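One letter stands for each residue in the lines below.
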Amino acid sequence: AAAARVFAFRDVRWAPDPVLEPGPAVRTPQPVPLVIDNGSFQTRAGWASADPAVPAEPLLRFRSLAARSRGARGGAGAETQVGNDLGSPEPLRWLLRSPFDRNVPVQLELQELLLDHVFQRLGVSSQGCVDHPIVLTEAVCNPLYSRQMMSELLFECYQVPKVSYGVDSLYSFYHNKRQSWPCSGLVISSGYQCTHILPVLEGRLDAKNCKRINLGGCQAAVYLQRLLQLKYPGHFAAITLSRMEEILHEHSYIAEDYIEELQKWRSPEYYENNMHKMQLPFSNKLLGSTLTSEEKQERRQQQLRRLQELNARRREEKLQLDQERLDRLLYVQELLEDGQMDQFHKALVELNMDSAEELQSYINKLSLSVEQTKQKILQAEVNIEVDVVDSKPETPDLDPLGSEQSLEDVESINEFEPLFAEEQPEVEKPVAAVQPVFNLAEYHQLFLGTERIRAPEIVFQPSLIGEDQAGIAETMQYVLERYPKEQQALLVQNVFLTGGNMMYPGLKARVQKELLEMRPFQSSFQVHLASSPVLDAWYGARDWAVEYMTREEGWITRKDYEEKGGEYLKEHCASNVYVPIRLPKQAPRATEALAPSRSLTSSEQA
């Protein structure tokens, strides 16, 4: 059972998206809409058509990230990679850029890179423009400036014929709508950056009472990373954000009662039965216990040969250098013997010497050093020959001239002393000696205990990470209290959970428990979880595009864009509420300033 709870990190690398060839049903009889779920975590894109030949699922799914390299030294320009082309985000973590601030796109240059990637990989073949209608998701209560810049990008850069904006969580709500469901409900959507509480009354979003919590999956991953880095400082670099997201997706859960669950984790038996071990990658080569005695002996012989070659090379270099210096000093001495005193004194000054006696002393020392080095080289060659002939495992003496060893030789031998520490015969080792066993695999394991519930708990208790915000339960109660009791009872009959951060096991039960505590005694409520919390937004947008493809409702045409501005929005069942820009009226000028100045009377002049 303990071995079954050891999980290895998958560290999945993203495969680059292929360039798809759209079928003829995408173009005929007219271009079908292109649905793009523009999420802050992931972008999903595909075609919307009732034709069974067109896939009814997103053909592209990639992270909403881009990285621009600094360019190669050979002169190649900077290269920009988008989404799955990055391979893995960790090596490029400090180069990654996202067009989103929270869940609102603000960097339109990066947004253009994402749209280019979508159009290119989906095989949009129209020349100079994108002639498909676009269905695009946007944030709840999206700022007019963001929508204006997005409309300008789509109409001016890509020349799209028409575009429709909708809220991702409302698309998911209507995709999961069943016959028995009421048109009203309370949508709880939690994504990568934000969590929203959205009341829907009679099929339309009540934007005045929407609330947002600035917490999502990103903050949970960062919190989990800090917890584990404090717990395992020796594996600081190996605890990456990508691995923390993997832990959140596959090993975390929401506690129905957080305090009670923490009390359970205090029990050693409960801890052992529910703790998950995450295996970090490691190398067995660090142990060295897997080598046989023959392999160890061969490795020692190789190290000895390398050491001998290193010492021989150093002696040859030292001999060459000393010989050059000796030749120069002998040349200066010849100047003295030939009587060229001016050149002799000039050479002494260059050598930083004062007299001929000092020159002779240096010549004697260098001559002795050259002779000793030559003897060392000859002796080392003899030792190598003896080592080749003799097959004994004992280590040969590297340099028998012990008293005459240079400082470099002694240091080089000291560096390799740990390698020869096991050269003693095995008979000399004590029989009872037991080598300590060190399990390297266990050292590279992360033990997940209460971290499994602490990280996702922040959406209910933001104070765990120091955020001065209300959690989901308090915000939900605040939104409900803004309505009369009849509408409250109507909203809680359809509490709908959607978004990638709502996929934790136990979250639905936690929301039911919170509602049970805040609702009146014996009142009824229902909580529903989206069939696919991540993809239902795209499926809902596709359903809407297929239904409204030939209608004018919800579509912003190029004519509307040119007449009413980029911030204009045509409302539909899953859209935001359009609030036009109201410019303040210009105050009329004062009548006194416009009236001509009258002449003063004689009495006033006096």
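Model, not experiment: these values are computed from the prediction. (Residues numbered from 1 in each chain as written. Predicted model: local features only at pLDDT ≥ 70, side-chain atom pairs only at ≥ 80, totals over all residues. Heavy atoms only, no water.)

1. What to know about the packing of aromatic side chains
Then step 1. Taken as a whole, this structure holds 11 aromatic pairs when the rule is applied.
Then step 2. Each ring, one from F155 and one from Y561, has its centre 4.9 Å from the other, and the planes form 15°; the classification is stacked. Here Y561 lies in helix α18 (residues 558-564) and F155 lies in helix α2 (residues 144-157), a separation of 406 residues in the sequence.
Then step 3. For Y561, a relative accessible area of 11% corresponds to the buried category.
Then step 4. Ring geometry for F173 and F496: centres 5.6 Å apart, planes at 75°, overall edge-to-face. Note that F173 is positioned in helix α3 (residues 168-175) and F496 in strand β18 (residues 495-498), a separation of 323 residues in sequence.
Then step 5. By way of ring pairs, the aromatic residues F173, Y174 and F496 are connected into one cluster.
Then step 6. Over the aromatic face of W555 sits the side chain of K162, whose NZ or CZ is 4.7 Å from the ring centroid.
Then step 7. For the cation-ring pair, K365 lies above Y362, with the distance from its terminal atom to the ring centre recorded as 6.0 Å. (Phe/Tyr/Trp six-rings, centres within 6.5 Å; stacked < 30°, edge-to-face > 60°. Helix = DSSP H or I, 4+ residues; strand = E, 2+ residues; numbered from the N terminus. Buried < 20%, exposed > 50% of the residue type's maximum accessible area, 1.4 Å probe, protein only. Lys NZ or Arg CZ within 6 Å of the ring centre and 35° of its normal.)

2. A closer look at the pattern of salt bridges
Then step 1. Scanning all chains against the criterion turns up 21 salt bridges.
Then step 2. A salt bridge links D131 to R27, with the nearest nitrogen and oxygen atoms 2.8 Å apart. Here D131 is found in the loop between α1 (108-121) and β10 (134-138), whereas its partner R27 is found in the loop between β1 (6-8) and β2 (34-38), with 104 residues between them in sequence.
Then step 3. The class of R27 is partly exposed, set by a relative accessible area of 31%. (Salt bridge = Lys/Arg side-chain N within 4 Å of Asp/Glu carboxyl O.)

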